[in-house]
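In case you want the letters, here they are:
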Amino acid sequence: MNILILGGSAFLGRAYVSEALRRGHHVTTFNRGLSGADQPGVEAVRGDRNLPAGLDRLIADRRWDAVVDTAGQQPYAVGLAARLLRPHTDHYTLVSSIHAFADWGKLPLDENSTTHPCPADTPPDQPPGNHLKAGCERALLESFGADRSLILNCGLLIGPHENIGRLPWWLERIARGGKVLAPGAPSRAMQLIDARDFAAFGLDLLEQGRTGRFITTAPPGSTTFGELLDACVQATGAAAEPVWTDEEVLLSAGVEPWTELPIWAPDRPDWDAIWLADSSRARAAGLRCRPLSETVRDTWAWLQERGPAAQPYLQGRTPLGIDPEKERSLLAKAAG
Ligand SMILES: NC(=O)c1ccc[n+]([C@@H]2O[C@H](COP(=O)([O-])OP(=O)(O)OC[C@H]3O[C@@H](n4cnc5c(N)ncnc54)[C@H](OP(=O)(O)O)[C@@H]3O)[C@@H](O)[C@H]2O)c1
């Protein structure tokens, strides 16, 4: 197939490109050339999707069997791409997010859950916000309708080339060894998905011409925080010992969930349903998730190859990871 990937050079888009090339598809990528190198074998087109002139240059009189938009964050940008690309393709995949659902974190989710009321015509350059993906979805549907759109509500992604740095932070922390501050209980269930499994599933659906919405993440309860940190200890071979610390102690010490201890969602209101997204529709359609240990091992191997990060790990503008001094002091308190 002839596939256009909007984005394609950082993490999930990169995984789509690798898998599509492996399957023998012709891949065009469209990005500004700022976030990473395009992989050998793609036809790389440079441009800024926020400028009509950027996409115009790409399109000319071409056709693609399918478009995959891994980079759409603003309803304006998705709407613009969808309007311009409508005459040039029959199928548009939007990588949306679990964040698009209004009750993410608070209630269990499925494909019928309500999304944020963010309009398709939201003005450009909005500050980042969970609601924007819902507007992106509406902007796509306005041009492509339900019968030509595939919306994948993505859960938390991990794997090699992760560009946020959640699993890389844990791996690097554990590789330093010693006692490691670990949040809450090791039995806390989680739902994580390897970007390579997401991409393989997204391409399966695209090849089949499937449309509609799929919550795309591992099954609820498929792993636990304890298994994640154990896999990090195994992968790095470090002499590290997670010290599981009461969530109340961490919260009252001002430790920020999700960022200071990455991926930590406390088991309390507003967070306790974060890992309860029902992905059975995706599983029935063929989603397969590899063992967590394999993802962690491959991510560690990639980190060794990459070396130290060129930039600090950030979630939006918030740095990831706890200050080592703060961690030491909390560990000392826990030791009594
Ligand atoms: N990580 C998670 O846990 C998670 C969870 C839920 C949903 N998601 C969603 O999954 C997707 C994953 O993103 P990714 O970073 O892995 O995808 P990616 O496609 O690998 O990287 C983002 C791409 O967007 C391009 N881009 C950014 N701004 C652009 C612009 N103005 N014009 C043209 N290209 C532009 C970047 O290249 P240049 O900067 O070089 O232009 C880069 O190629 C996102 O949609 C994200 O919201 C992720």
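Residues numbered from 1 in each chain as written. Predicted model: local features only at pLDDT ≥ 70, side-chain atom pairs only at ≥ 80, totals over all residues. Heavy atoms only, no water.

## Observations concerning the overall build of the protein chain
The helix and strand inventory of the protein chain stands at eleven helices and 17 strands. For a compact globule of 336 residues, the expected C-alpha radius of gyration is about 20 Å, and the protein chain comes in at 20 Å, within 12% of that figure. Summarising its shape, the C-alpha atoms of the protein chain cover approximately 70 × 40 × 35 Å along the three principal directions. Looking at the 336 residues of the protein chain, the share that counts as buried comes to 54%. In the protein chain, of all internal contacts separated by at least 6 residues, the share reaching a separation of at least 24 is 76%. In the structure as shown, the protein chain presents an accessible area of about 14400 Å², 51% of it carried by carbon and sulfur atoms. Looking at charge distribution, the protein chain has the averaged site of its 34 positive side-chain charges lying 3 Å from that of its 41 negative ones. (Helix = DSSP H or I, 4+ residues; strand = E, 2+ residues; numbered from the N terminus. Rg over C-alpha atoms; globule rule 2.2 N^0.38 Å. Buried < 20%, exposed > 50% of the residue type's maximum accessible area, 1.4 Å probe, protein only. Contact = heavy atoms within 4.5 Å. Areas by Shrake-Rupley, 256 points an atom, 1.4 Å probe, with all protein chains shown as cover. Lys, Arg positive; Asp, Glu negative; His and termini not counted. Charge placed at Lys NZ, Arg CZ, Asp CG, Glu CD.)

## Looking at the layout of surface pockets
Its volume calculated, the second largest pocket comes out at about 190 Å³. Taken together, Phe11, Arg14, Ala15, Ser18, Glu19, Arg22, Pro160, His161, Asp194, Ala195, Arg196 and Ala199 make up the lining of the second largest pocket. Only helix 1 (12-22) and helix 6 (195-207) provide two or more residues apiece to the lining of the second largest pocket. With five residues, helix 1 is the largest single contributor of residues to the lining of the second largest pocket. When grouped by side-chain class, the residues that make up the lining of the second largest pocket number five nonpolar, two polar and five charged. (1 Å grid on protein atoms, 1.4 Å probe; cavity = no way out; pocket = protein on both sides within 12 Å on 5 of 7 lines; lining within 4 Å. Points joined across faces, edges and corners; volume = space filled by probe spheres on them. Nonpolar A, V, L, I, M, F, W, Y, C, P; charged D, E, K, R; others polar.)

## Observations regarding the packing of helix 1 against helix 6
Helix packing for two helices is described by the angle between their axes and how far apart those axes are. Two elements in contact, helix 1 and helix 6, have axes separated by 8 Å at closest approach and are oriented at 55 degrees. The angle between helix 1 and helix 6 places the two elements in the oblique class. The interaxial crossing formed by helix 1 with helix 6 has right-handed handedness. Note on element contacts: helix 6 touches helix 1 through Ala195, Arg196, Phe198, Ala199, Ala200, Gly202 and Leu203, opposite Leu12, Ala15, Tyr16, Glu19 and Ala20. (Axes fitted to C-alpha atoms, helices over the stretch in contact; angles between N-to-C directions. Parallel < 35°, antiparallel > 145°, perpendicular 65-115°, else oblique. Left-handed = near helix turned anticlockwise from the far one by under 90°.)

## Notes on the confidence of the model for the protein chain
If pLDDT is low for a region, its predicted coordinates should not be looked at in detail. Of all residues in the protein chain, 100% attain a pLDDT of 70 or more, and the chain-wide mean is 96. Taken element by element, the protein chain is modelled with least confidence in helix 2 (residues 52-59), mean pLDDT 85, and with most confidence in helix 6, mean pLDDT 99. (pLDDT = per-residue confidence, 0-100.)

## Side note on the pattern of salt bridges
This structure, assessed with the given rule, holds 22 salt bridges. Of the charged contacts in the structure, one is a salt bridge between Arg290 and Asp194, with a shortest N-O distance of 3.6 Å. Of the two residues, Arg290 is situated in the loop between helix 9 (280-284) and helix 10 (292-306) and Asp194 in strand 10 (residues 192-194); the sequence distance between them amounts to 96 residues. Classification of Arg290 by relative accessible area gives partly exposed; the value is 25%. For Asp194, a relative accessible area of 4% gives the class buried. Of the charged contacts, one joins Arg268 and Glu248 as a salt bridge, the two residues approaching to 3.0 Å between their closest N and O atoms. Of this pair, Arg268 sits in the loop between strand 15 (261-262) and helix 9 while Glu248 sits in helix 8 (residues 247-252), and the two are 20 residues apart along the sequence. (Salt bridge = Lys/Arg side-chain N within 4 Å of Asp/Glu carboxyl O.)

## A short note on the nonpolar core
Trp170, Leu192, Leu228, Leu261, Ile263 and Trp275 are the most contacted members of the largest nonpolar core, which has 46 residues in total. Residue assignment for this core shows that the elements contributing at least two residues are strand 7 (156-158), helix 5 (166-175), strand 8 (178-183), helix 7 (225-236), strand 13 (240-245), helix 10 and helix 11 (324-335). Ranked by residues supplied to this core, first place goes to helix 7 with six residues. Counting contributing residues, this core receives three or more from each of domain 1 (2-154) and domain 2 (163-190 + 221-275 + 291-335). Beyond its immediate sequence surroundings of up to four residues, Leu228 is in contact with Leu167, Met190, Leu192, Ile263, Leu292 and Val296. Membership of the second largest hydrophobic core comes to 29 residues, among which are Ile3, Val27, Val95 and Ala285. (Core = buried A, V, L, I, M, F, W, Y, C linked by side-chain atoms within 4.5 Å. Domains from an automatic or database assignment.)

## Notes on the site of the ligand
By nearness alone, 31 residues border the ligand, and Ser9, Leu12, Leu34, Ser35 and Thr70 come closest of all. The contact in question runs from an oxygen atom of the ligand to an N or O atom on the backbone of Gly8, over 2.7 Å. In the model, an oxygen atom of the ligand is placed 3.0 Å from a nitrogen or oxygen of the Gly33 main chain. Taken by itself the ligand offers 920 Å² of open surface, and the protein chains cover 88% of this. Only helix 1, strand 5 (92-97) and strand 7 provide two or more residues apiece to the shell around the ligand. (Near = heavy atom within 4 Å. Polar contact = N/O pair within 3.5 Å; in protein donor to acceptor, adjacent residues only side chain to side chain.)

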